[in-house]
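What follows is the residue order along each chain.
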Amino acid sequence: MDFSTLSLPQILMRLTLVPILLAGLLGLVRFRYLPPALRYLTGLMWFVLPLNTLGMVLMMQRHNNLFIMPIYTVGELALLALVYRHGLQSSSFNRLVPWLAGGFAAYVLFDSLQLNRLTIFRPGQQVVQCVLVLFFALLYFRKLLRELRAVPLQQDPMFWVSAGLLLYFLGYLQIALFGEYLMRYSQEFNQLVWGIHSVLFIALYGCYSLALCLPHRR
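Worth saying up front: this structure is predicted, and the values here are computed from it rather than measured. Sequence order sets the numbering: in each chain, residues are counted from 1 along the sequence as written. Given that this is a predicted model, residues contribute local features only at a pLDDT of at least 70 and side-chain atom pairs are listed and counted only at 80 or more, while totals for whole chains, interfaces and linings are drawn from all residues. For side-chain calculations, the full set of non-hydrogen atoms in the structure is used, while hydrogens and water are omitted.

A count of helices and strands for the chain gives eight helices and zero strands. Secondary structure counts use DSSP, requiring at least four H or I residues in a row for a helix and at least two E residues in a row for a strand, with both numbered from the N terminus. Each helix and strand of the chain, placed in order from N terminus to C terminus, yields the pattern α-α-α-α-α-α-α-α. Three exposure classes are used, based on accessible area relative to the maximum for each residue type with a 1.4 Å probe and protein chains only: buried under 20%, partly exposed in between, and exposed over 50%. Sorting the 218 residues of the chain into buried and exposed places 45% on the buried side. Two residues form a contact once any of their heavy atoms are found within 4.5 Å. Sequence separation of 24 or more characterises 73% of the internal contacts of the chain that already satisfy a separation of 6 or more. Accessible areas in this description were obtained via Shrake-Rupley with a 1.4 Å probe; residue shielding takes into account the shown protein chains only. Surface summary for the chain: the accessible area is close to 11,900 Å², and the carbon and sulfur share equals 68%.

This brings us to the packing of helix 1 (residues 8-15) against helix 8 (residues 187-213). Where helix 1 contacts helix 8, the two axes come as close as 8 Å, and the packing angle between them is 35 degrees. In the packing of helix 1 onto helix 8, the handedness of the crossing is left-handed. Between helix 1 and helix 8, the contacting residues are Pro9, Gln10, Leu12 and Met13 on the first element and Gln191, Leu192, Trp194, Gly195, Ser198, Val199 and Ile202 on the second. Each residue gets one label: Ala, Val, Leu, Ile, Met, Phe, Trp, Tyr, Cys and Pro are nonpolar, Asp, Glu, Lys and Arg are charged, and the others, such as Gly, are polar. Each residue belonging to the contact of helix 1 with helix 8 can be placed in one class, and the counts come to seven nonpolar, four polar and no charged. Convention adopted: a line fitted to C-alpha atoms gives each axis, helices being fitted over their contacting stretch, and angles between N-to-C directions are expressed from 0 to 180 degrees. Handedness of a helix crossing follows the sense of rotation of the near helix relative to the far helix, less than a right angle counterclockwise being left-handed and clockwise being right-handed.

Assignment of secondary structure puts Ser198 in helix 8. What makes Ser198 buried here is its relative accessible area of 2%. Excluding anything up to four places from it in sequence, Ser198 contacts Leu12, Met13 and Thr16.

In this description, a nonpolar core means a group of buried Ala, Val, Leu, Ile, Met, Phe, Trp, Tyr and Cys residues linked to one another through side-chain atoms lying within 4.5 Å. By size, the foremost hydrophobic cluster in this structure holds 52 residues, and its most contacted members are Leu41, Tyr84, Val161, Leu165, Tyr205 and Tyr208. Secondary structure elements with two or more residues in this core: helix 2 (17-29), helix 3 (36-60), helix 4 (69-88), helix 5 (91-112), helix 6 (123-147), helix 7 (157-182) and helix 8. When near neighbours in sequence (up to four residues on either side) are disregarded, Leu165 contacts Leu80, Tyr84, Val133, Leu134, Leu170, Leu204 and Tyr208.

Positioned with a positive phi, Arg62 is a non-glycine residue whose angle comes to about 60 degrees. Of the residues examined, Arg62 reaches a relative accessible area of 78% and is grouped as exposed. In this model, Gln89 sits at a positive phi of 50 degrees, which is unusual for a non-glycine residue.

The next point concerns a nonpolar patch on the surface. A patch consists of residues exposed above 30% relative accessible area that lack any salt bridge, with like charges linked at up to 9 Å and nonpolar side chains (Val, Leu, Ile, Met, Phe, Trp, Tyr) linked at up to 5 Å. Whenever a carboxyl oxygen of Asp or Glu lies within 4 Å of a side-chain nitrogen of Lys or Arg, that contact is scored as a salt bridge. On the surface, Leu21, Leu25, Leu28 and Trp46 cluster together into a nonpolar patch covering about 350 Å² of accessible area. Per-element accounting of the nonpolar patch gives the leading share, three residues, to helix 2. When its relative accessible area of 49% is taken as the criterion, Leu28 is described as partly exposed.

As a further point, take the environment of Leu49. Looking at where Leu49 falls in the secondary structure, it is placed in helix 3. For Leu49, a relative accessible area of 13% gives the class buried. Each C-alpha atom of the pair Leu49 and Val18 lies 9.5 Å from the other, and the pair is 31 residues apart in sequence. Sequence-distant contacts of Leu49, that is, excluding residues within four places in its chain, are made with Leu17, Ile20 and Leu21.

What follows concerns the packing of aromatic side chains. Aromatic rings from Phe, Tyr and Trp, with only the six-membered ring used for Trp, were paired whenever their centres fell within 6.5 Å, and each pair was classed as stacked if the ring planes differed by under 30 degrees, edge-to-face if by over 60, and tilted otherwise. Inspection of the entire model under this criterion finds twelve aromatic pairs. Judged by centre distance (4.9 Å) and plane angle (90 degrees), the rings of Tyr168 and Phe169 are edge-to-face. When its relative accessible area of 1% is taken as the criterion, Phe169 is described as buried. Judged by centre distance (4.9 Å) and plane angle (80 degrees), the rings of Tyr205 and Tyr208 are edge-to-face. Taken together, the residues span about one helical turn, with Tyr205 and Tyr208 both in helix 8 at a distance of three residues. For the residue pair Tyr205 and Tyr208, the accessibility class agrees, reading buried in each case.

Note that an α-helix has 3.6 residues per turn; residues three or four places apart therefore point the same way. When you tally the buried positions in helix 1, you get six out of eight residues, the bulk of the element. Within helix 1, the full set of buried residues consists of Pro9, Gln10, Ile11, Leu12, Met13 and Arg14. Buried residues along helix 1 sit against helix 2, helix 3 and helix 8.

Limitation: the analysis is restricted to geometry and does not speak to function.
Structural data, given as structure tokens:
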């Protein structure tokens, strides 16, 4: 791939596969030592890697890749719900998980099966996913504040997972809400928006990798 002909946002978009692969390999190497929450996080890496690879190939061939998004968002939300089911260890949240994941999947299926909906950007799905994932992360921060544990935050894997998700989905929520308008402004501005998205994405998977590196504390 000749990077010399690409702009910085285009290079960043193509580099997003690298942190997914690194985090996935790290999770596999340390899988036997990981708590259940991080095992599901490793599963998330290997779920999104082929989908991101397919999306990248289609994008480079100038084909529409938006049909991948419903599968991506439903799978990502379901696996993150399982991550937090073990991370929060809350009976109330455990009862809520099937309703959240099942309800979101039903909504995405209904929204995607309408005529021509698979080939256009559907911000409603992205907004709902962002709100739900931010809800998961904020619940974990609330748990940390209530427990006031002596373990430093930087040694808590779920703190890094939640911090990465909070940063990424706060940024992605803005793209979902205003992206359809902003991306019509100009081609250059469109690339800038997705370049910023790539930086947030790389930061998220950097947080995942850090969480997977930390020793498991019982």
